[in-house]
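Each chain is listed here by its residues.
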Amino acid sequence: MQVEEAEVMKAFRIYALLSREGSAGKEAMQEYEADDRVRGLVDQFAAEVECVTLSAGDRLYMIPLARLSPFHMSNDALKKTYLRGGAVNADLYLMYAAVIVLIGAFYDSYQTIEPTRNFLDMEEWLELVRVRMDALREHSAEELRELSQEYSYHWAAVVEKWDALDDVKETAKRQSGQTLSRLSFLDTVKRFLIDQELAAQVGPQELELTEKAKIIVQRYFMELEYNRGILDFLYRMNKEKSQQQEEAGADAGHS
């Protein structure tokens, strides 16, 4: 099948827009979807820079095939844009962990391909992250070092960063104008998710996943190739703890 020069140029214009903006509007999406040859060329261009294209709603996106998370920014850019001055990679690890927990809340611990809820409250998100951090803390320092090597993810640093945020107790009564430290951190993560069109705010303290996020999760996020088993590890850790609690309750009932 011969590809005409006009089709090549149309595909390149779409690709150039995607590479510059990260997304394109309805017109570009319609051109992409209407012509198999244009679509094939755009996909080829994207593959050359280790990206994929996907349509969600009335927009077309180009998503980097990065391991763990489909971010459009380098680590340095993320730190500079969203995190406080002097932020290090451990701050990003905690940020990624918070994103993982949020997505897990929508997908019933990674066992479903469709969301099982419509929105997540910030306070519940905070509690879910706390539960994951508590579960990680139950491992010894040596175990966390071994797990960090196995998953290429610095779990000990994640726990340390989370604990360091506890300079204002989460149980403390809020004062007017006072921001709780861990909630403040999640507000930062929320801003990133909204900026990247992965989440939308639907209430004063409530978030929902966007169509873009849902498609990314379905196609890539739960695949071992991209998440390196981290999702399975976090879910398994929570499942094992629940089983232990059930067994302990059963033993108490028989005594």
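Everything here concerns the structure above.
Below you will find a few notes about this structure. (Residues numbered from 1 in each chain as written. Predicted model: local features only at pLDDT ≥ 70, side-chain atom pairs only at ≥ 80, totals over all residues. Heavy atoms only, no water.)

**A short note on the nonpolar core**
The nonpolar side chains of soluble globular proteins are, as a tendency, buried together.
Now for step 1: Residues Met-95, Leu-102, Trp-125 and Leu-193 are the most contacted members of the largest nonpolar core, which totals 51 residues.
Now for step 2: The dominant element in this core, judged by the number of residues it contributes, is helix α5 (residues 89-106), at twelve residues.
Now for step 3: Residues contacting Leu-193, with those up to four places away along its chain left out, are Val-99, Leu-102, Trp-125, Leu-198 and Ala-199.
Now for step 4: Counting residues in each nonpolar core, the second largest holds 15 residues, with Ala-28, Met-29, Val-38 and Val-42 among its members. (Core = buried A, V, L, I, M, F, W, Y, C linked by side-chain atoms within 4.5 Å. Buried < 20%, exposed > 50% of the residue type's maximum accessible area, 1.4 Å probe, protein only. Helix = DSSP H or I, 4+ residues; strand = E, 2+ residues; numbered from the N terminus. Contact = heavy atoms within 4.5 Å.)

**Examining α5**
Now for step 1: Between its first and last C-alpha atoms α5 spans 26 Å; for 18 residues at 1.5 Å apiece the expected length is 26 Å, and the two agree.
Now for step 2: Counted residue by residue, α5 has 16 buried out of 18 residues, so it is predominantly covered. (Expected span 1.5 Å × (residues − 1).)

**Structural notes on the packing of helix α1 (residues 5-21) against helix α3 (residues 36-48)**
Now for step 1: Orientation of α1 relative to α3, taken along the N-to-C sense of each, is 45°, at an axis distance of 9 Å. Here α3 runs oblique to α1, going by the angle between their axes. Viewed along their axes, α1 and α3 form a crossing whose handedness is right-handed. Only Arg-37, Val-38, Leu-41, Val-42, Phe-45 and Ala-46 of α3 make contact with α1, whose side of the interface consists of Glu-7, Val-8, Lys-10, Ala-11, Phe-12, Ile-14, Tyr-15 and Leu-18. (Axes fitted to C-alpha atoms, helices over the stretch in contact; angles between N-to-C directions. Parallel < 35°, antiparallel > 145°, perpendicular 65-115°, else oblique. Left-handed = near helix turned anticlockwise from the far one by under 90°.)

**Concerning the packing of aromatic side chains**
Given two aromatic rings, their pairing is described by the distance between the two centres and the angle made by the two planes.
Now for step 1: Applying the stated criterion across every chain yields a total of four aromatic pairs.
Now for step 2: Between the aromatic rings of Phe-12 and Phe-45, the centroid separation amounts to 6.2 Å while the plane-to-plane angle is 80°, which identifies the pairing as edge-to-face. Note that Phe-12 is positioned in helix α1 and Phe-45 in helix α3, a separation of 33 residues in sequence.
Now for step 3: For Phe-45, a relative accessible area of 23% puts it in the partly exposed group.
Now for step 4: An aromatic cluster is defined as three or more aromatic residues linked by ring pairs; in this entry it consists of Phe-12, Tyr-15 and Phe-45. (Phe/Tyr/Trp six-rings, centres within 6.5 Å; stacked < 30°, edge-to-face > 60°.)

**Points about the packing of helix α4 (residues 75-82) against helix α9 (residues 181-195)**
Now for step 1: Their axes nearest at 11 Å, the elements α4 and α9 cross at an angle of 115°. Crossing of α4 over α9 shows right-handed handedness. Contacts from Leu-78, Thr-81 and Tyr-82 of α4 reach α9 at Thr-188, Arg-191, Phe-192 and Asp-195.
Now for step 2: A class-by-class count of the residues in the contact of α4 with α9 yields three nonpolar, two polar and two charged. (Nonpolar A, V, L, I, M, F, W, Y, C, P; charged D, E, K, R; others polar.)

**Remarks on the pairing of strand β6 (residues 206-209)**
Now for step 1: Burial along β6 is one-sided: Leu-207 and Leu-209 are buried, and none of Glu-206 and Glu-208, which face the opposite way, are.
Now for step 2: The pairing of strand β4 (residues 120-121) with β6 spans two bridges and is classified as antiparallel. The residue bridging Leu-120 from the neighbouring strand is Leu-207, located in β6.
Now for step 3: Taken together, the four bridges between strand β5 (residues 199-203) and β6 define a ladder with antiparallel strand orientation. Paired with Ala-200 across the two strands is Glu-208, which belongs to β6.
Now for step 4: With antiparallel pairing between neighbouring strands as the criterion, β5 and β6 make up a hairpin whose turn holds two residues. (Pairing = 2+ DSSP bridges.)

**Some words on the pattern of salt bridges**
Now for step 1: One pass over the structure, following the stated rule, counts twelve salt bridges.
Now for step 2: In this structure, the salt-bridge partner of Asp-36 is Arg-39, at a minimum N-O distance of 2.3 Å. Placement of the pair is Asp-36 and Arg-39 together in helix α3, with a separation of three residues, close to one helical turn.
Now for step 3: The exposure class assigned to Arg-39 is partly exposed, which follows from its relative accessible area of 24%.
Now for step 4: Asp-134 is paired through a salt bridge with Arg-137; the nearest N and O atoms lie 2.6 Å apart. Of this pair, Asp-134 and Arg-137 both sit in helix α6 (residues 122-137), three residues apart, roughly one helical turn.
Now for step 5: Residue Arg-137 is classed as partly exposed on the basis of its relative accessible area of 35%. (Salt bridge = Lys/Arg side-chain N within 4 Å of Asp/Glu carboxyl O.)

**Digging into the side chain of Thr-53**
Now for step 1: Counting through the fold element by element, Thr-53 comes out in strand β2 (residues 51-56).
Now for step 2: We classify Thr-53 as buried; its relative accessible area is 9%.
Now for step 3: Side chain to side chain, Thr-53 and Tyr-32 meet in a polar contact 2.7 Å long.
Now for step 4: A distance of 2.4 Å separates a polar atom in the side chain of Thr-53 from a polar atom in the side chain of Asp-43.
Now for step 5: Beyond its immediate chain neighbours, meaning those up to four positions away, Thr-53 contacts Leu-18, Tyr-32, Val-42, Asp-43, Ala-46, Tyr-61, Met-62 and Arg-219. (Polar contact = N/O pair within 3.5 Å; in protein donor to acceptor, adjacent residues only side chain to side chain.)

**Looking at the sheet that holds strand β1 (residues 23-24)**
Now for step 1: With antiparallel pairing, the three strands of this open sheet are ordered in space as β1-β3-β2. Each edge of the sheet is formed by a strand with only one pairing partner; in this case those strands are β1 and β2.
Now for step 2: Along the sheet face, α1 touches β1, β2 and β3 (59-64) and points at about 65° away from the line of β3.
Now for step 3: Against the sheet, helix α2 (residues 26-34) makes contact with β1, β2 and β3, and its axis sits at roughly 80° relative to β3, the strand it touches most.

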